[in-house]
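# Structural characterization, general
Residue strings, one per chain:
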Amino acid sequence: MLTVLRWWRSLSLSKLDRYILSLLLPGFGFGVAIFTTLALAVGSIFDLVRQIADAQLPLSILLQLIWYELPTVLVLVLPMAVLLAVVGAMSRLSEEGEWIALRSVGVCLPRLLVPVLGFALLVSSATLVLNETWVPIAKFQSEQLMQQLLQQERTLGTGTDIFYPEYDRDQRVRRLYYGHRFDGNRIQGLTILDFSQPQLTQVISAESAEWNVRESTWRLSHGVAYLISSRGVSRDLLQFEEQEIRLPRPAQSQQLRPTEVSELSIIQTRRALRRLDPSKDAELVRALEVHLAQSYAQPFLAVVFALLGVGFGLSPSQRRGRQGFGISVAVVFGQYVLAFFLGALGAIGTLPPLVAAWLPHAIGGGVAVGLMWRVNRS
């Protein structure tokens, strides 16, 4: 704690910046708490409780599943909390006459925006990092836990004596996989026959293979790899203790559908786009391109909400502070509905992916500029 206080004091912030941030932080914390509670209650908890009750599982399992849902919820909640915090802080400045006092000593609106935008950019960076690190891991762990506890395996990628063929785009067998046992994360006794090279068959045999969530690769342990020519001659024998290879994951062996792309991170989306042929998978490629553009745009929603919060909070109204929460809910609802509608237009090809992703931000930013222009003239 003392280290944090020393770091805070060492920052070269003016008294105005420190004061504005001191107004923002309590509202931001309250916003994170209230919006997270609402999002979990409406979107996840009821369904999880029903499933846990049907399976007669302990409360600790429910809490673990809620913990896995938390990162996804926070990605949506953090920009909303910024909006609530900025509306509350600016409303206080306006209602208590502090904004008039600041203007009287030469503090203009652009100067007031500096700490607000700096805070919003910090939240945007945190949102991006969270979405690319914690969210994919939490989603994977949640899915695995649900599959194990509720026994809802949806593919043939688990069990014993697994045999799985991988096909190329011409529906010819490219690889054959055999595993003695697969528990959803680790394969025991893995053998791979790779027919992707002409006139050669590569054989990989490993004692075990474990799925690496971060890199989307298999980590093979205690194995051997060699080539067999069409004449049956074996060569290039390679023994290894550990080896990472990029192979499909049996539990996710079904082809990705356009409705599933929203679960991918930026890295996973870019990797999927490199593997697809736009001429053969046009719909899926469009959905991935829109999702990729939205993944880059979504963290900057905090900046748009911060600008809107300044415009609404400083607008001339004696009731603005009491309306702060209602304003925040209305703006959030409108912005997300607009983003969903334009994203759907991008997915069907009506709008380019970049336009579909960034146009809601542009519209929100335009409204914010109009509100702040009116505040500056008043």
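Residue positions are given per chain, counting from 1 as you read along its sequence in written order. For a predicted model such as this one, the threshold for reporting local features is a pLDDT of at least 70, and the threshold for listing and counting side-chain atom pairs is 80 or more; totals across whole chains, interfaces and linings nevertheless cover every residue. Hydrogens and waters are ignored; side-chain quantities use all the structure's heavy atoms.

In this section: the overall build of the protein chain. Helix and strand labels come from DSSP, where a helix needs a run of H or I of at least four residues and a strand needs a run of E of at least two; each type is numbered from the N terminus. When its secondary structure is counted, the protein chain shows eleven helices and six strands. Three labels apply to residues, based on accessible area from a 1.4 Å probe with only protein chains included: buried if under 20% of the type maximum, exposed if over 50%, partly exposed otherwise in between. Within the protein chain, buried positions represent 42% of all 378 residues. Contact definition: two residues touch when any of their heavy atoms are within 4.5 Å. Sequence-distant contacts in the protein chain: of pairs separated by 6 or more residues, those separated by 24 or more amount to 64%. The Shrake-Rupley method, run with a 1.4 Å probe sphere, supplies the accessible areas, and residue values consider only the shown protein chains as cover. Per element, the accessible surface of the protein chain, about 20,800 Å² overall, is 61% carbon and sulfur.

What follows deals with the packing of helix H5 (residues 109-132) against helix H9 (residues 301-314). To obtain each axis, a line is fitted to C-alpha atoms, and for helices this fit is confined to the stretch in contact; angles are then taken between N-to-C directions over 0 to 180 degrees. Between H5 and H9, whose axes approach to 8 Å, the crossing angle comes to 145°. Where H5 crosses over H9, the two elements pack in a sense that is right-handed. In this structure, H5 uses Leu109, Leu112, Leu113, Val116, Leu117, Ala120, Leu121, Val123 and Ser124 to contact H9, whose residues at the interface are Ala302, Val303, Ala306, Leu307, Val310 and Leu314. Across the contact of H5 with H9, the residue classes break down as 14 nonpolar, one polar and no charged. Handedness of each helix crossing follows the sense of rotation of the near helix against the far helix: counterclockwise by less than a right angle gives left-handed, clockwise gives right-handed. Following the grouping adopted for this structure description, the nonpolar residues are Ala, Val, Leu, Ile, Met, Phe, Trp, Tyr, Cys and Pro, the charged ones are Asp, Glu, Lys and Arg, and the polar ones are all others, Gly among them.

Only centres within 6.5 Å qualify two rings of Phe, Tyr or Trp (six-membered ring in Trp) as a pair; their planes then separate them into stacked at under 30 degrees, edge-to-face at over 60, and tilted for everything else. Summed over all chains, the structure comprises three aromatic pairs. The interplanar angle of 55° and the centroid separation of 5.3 Å between the aromatic rings of Trp67 and Trp134 together place this pair among those described as tilted. Of this pair, Trp67 sits in helix H3 (residues 59-95) while Trp134 sits in helix H6 (residues 134-150), placing them 67 residues apart in sequence. Here the aromatic rings of Phe300 and Trp358 are separated by 6.0 Å at their centres, their planes lie at 40°, and the arrangement is tilted. Here Trp358 lies in helix H11 (residues 353-377) and Phe300 lies in the loop between helix H8 (282-297) and H9, a separation of 58 residues in the sequence.

Further remarks concern H11. An ideal rise of 1.5 Å per residue puts 36 Å on 25 residues; H11 measures up with 37 Å between its terminal C-alpha atoms. Roughly 35° is the biggest bend found in H11, and it falls at Leu359, with proline Pro360 one to four residues downstream. Given a helix with a known number of residues, its expected span is that number minus one, times 1.5 Å. Two axes enter the definition of the bend at a residue: one is fitted to the seven residues ending there, the other to the seven starting there, and the bend is the angle between them.

We now examine the packing of H9 against H11. Direction vectors running N to C along H9 and H11 enclose 25°, while the axes themselves pass 8 Å from each other. Looking at the two axes, H9 sits roughly parallel to H11. Crossing of H9 against H11: the hand is left-handed. Counted together, Leu301, Val304, Leu307, Leu308, Val310, Gly311, Phe312 and Leu314 of H9 and His361, Gly364, Gly365, Val367, Ala368, Leu371, Met372 and Val375 of H11 form the full contact between these two elements. Looking at the contact of H9 with H11 residue by residue, the classes come out as twelve nonpolar, four polar and no charged. Just so you know how the angles are binned, under 35 degrees is roughly parallel, over 145 roughly antiparallel, 65 to 115 roughly perpendicular, and the rest oblique.

Counting residues in hydrophobic clusters, the biggest one holds 56 residues, and the most contacted among them are Phe28, Val82, Met90 and Val310. If you list the elements that add at least two residues to this core, you get helix H2 (15-55), H3, helix H4 (98-104), H5, H9, helix H10 (324-347) and H11. The residues contacting Val82, other than those within four sequence positions of it, are Phe28, Phe119, Ala120, Val123, Ala302 and Ala306. Definition used in this section: a nonpolar core is a set of buried Ala, Val, Leu, Ile, Met, Phe, Trp, Tyr and Cys residues joined via side-chain atoms within 4.5 Å. Counting residues in hydrophobic clusters, the runner-up holds 15 residues, among them Ile162, Tyr164, Ile192 and Ala225.

In this section: a nonpolar patch on the surface. Every patch collects residues that have over 30% relative accessible area and no salt bridge, joining them within 9 Å if they carry like charges and within 5 Å if they are nonpolar side chains (Val, Leu, Ile, Met, Phe, Trp, Tyr). Within this document, salt bridges are pairs made up of a side-chain nitrogen of Lys or Arg and a carboxyl oxygen of Asp or Glu, the two lying within 4 Å of each other. Judged by side-chain polarity, Leu121, Tyr296, Phe300, Leu354 and Trp358 come together as a nonpolar surface patch covering roughly 480 Å² of accessible area. One can find Leu354 in helix H11.

Attention now goes to helix H7 (residues 266-275). Residues of H7 that are buried include every one of Ile266, Thr269, Arg271 and Ala272, and no others. On its buried side, H7 packs onto H5 and H8.

The next subject is the side chain of Ser124. Position of Ser124 relative to the elements: it lies in helix H5. With near-sequence residues (within four places) excluded, Ser124 lies in contact with Pro299, Phe300, Ala302 and Val303.

In this structure, Gly29 sits in helix H2. For Gly29, a relative accessible area of 37% puts it in the partly exposed group. In the structure, Gly29 is positioned 52 residues away from Ala81 in sequence and 7.5 Å away in space, judged by C-alpha atoms.

With respect to the helices and strands, Ser315 occurs in the loop between H9 and H10. With relative accessibility at 1%, the residue Ser315 sits in the buried group. Among the polar contacts listed, one links the side chain of Ser315 to the backbone oxygen of Gly311, at a separation of 2.5 Å. Identification of polar contacts relies on pairs of N or O atoms within 3.5 Å, with a donor-acceptor requirement for protein atoms, meaning one able to donate a hydrogen and the other able to accept it, and with residues adjacent in sequence counted only if both atoms are side-chain atoms.

A word on the environment of Tyr164. Summarising the element assignment, Tyr164 is placed in strand S1 (residues 159-167). Sequence separation between Tyr164 and Tyr177 is 13 residues; the distance between their C-alpha atoms is 5.1 Å.

With a phi angle near 55°, His222 is a residue other than glycine that sits in the positive phi range. With respect to the secondary-structure elements, His222 resides in strand S5 (residues 217-229). For His222, a relative accessible area of 45% gives the class partly exposed.

Looking at the protein chain, pLDDT values average 80 and 78% of them are 70 or higher. One number per residue, pLDDT, summarises how confident the predictor is, and it ranges from 0 to 100. In this model, residues 151-157 is a region of pLDDT below 50 whose contacts with residues beyond four sequence positions or in other chains number 17 contacts. This stretch, residues 249-254, has a pLDDT under 50; its non-local contacts, to residues over four places away or in other chains, come to 19 contacts.

Another aspect to go through is the pattern of salt bridges. According to the stated counting rule, one finds three salt bridges in the structure shown. With a shortest N-O distance of 3.0 Å, Arg111 and Asp17 are connected by a salt bridge. One end of the pair, Arg111, is in helix H5; the other, Asp17, is in helix H2, with 94 residues separating them in the sequence. Arg175 serves as the salt-bridge partner of Asp194, at 3.2 Å between the closest nitrogen and oxygen. Placement of Asp194 in strand S3 (residues 186-194) and of Arg175 in strand S2 (residues 173-182) is noted, with a sequence separation of 19 residues between them. Of the residues examined, Asp194 reaches a relative accessible area of 8% and is grouped as buried.

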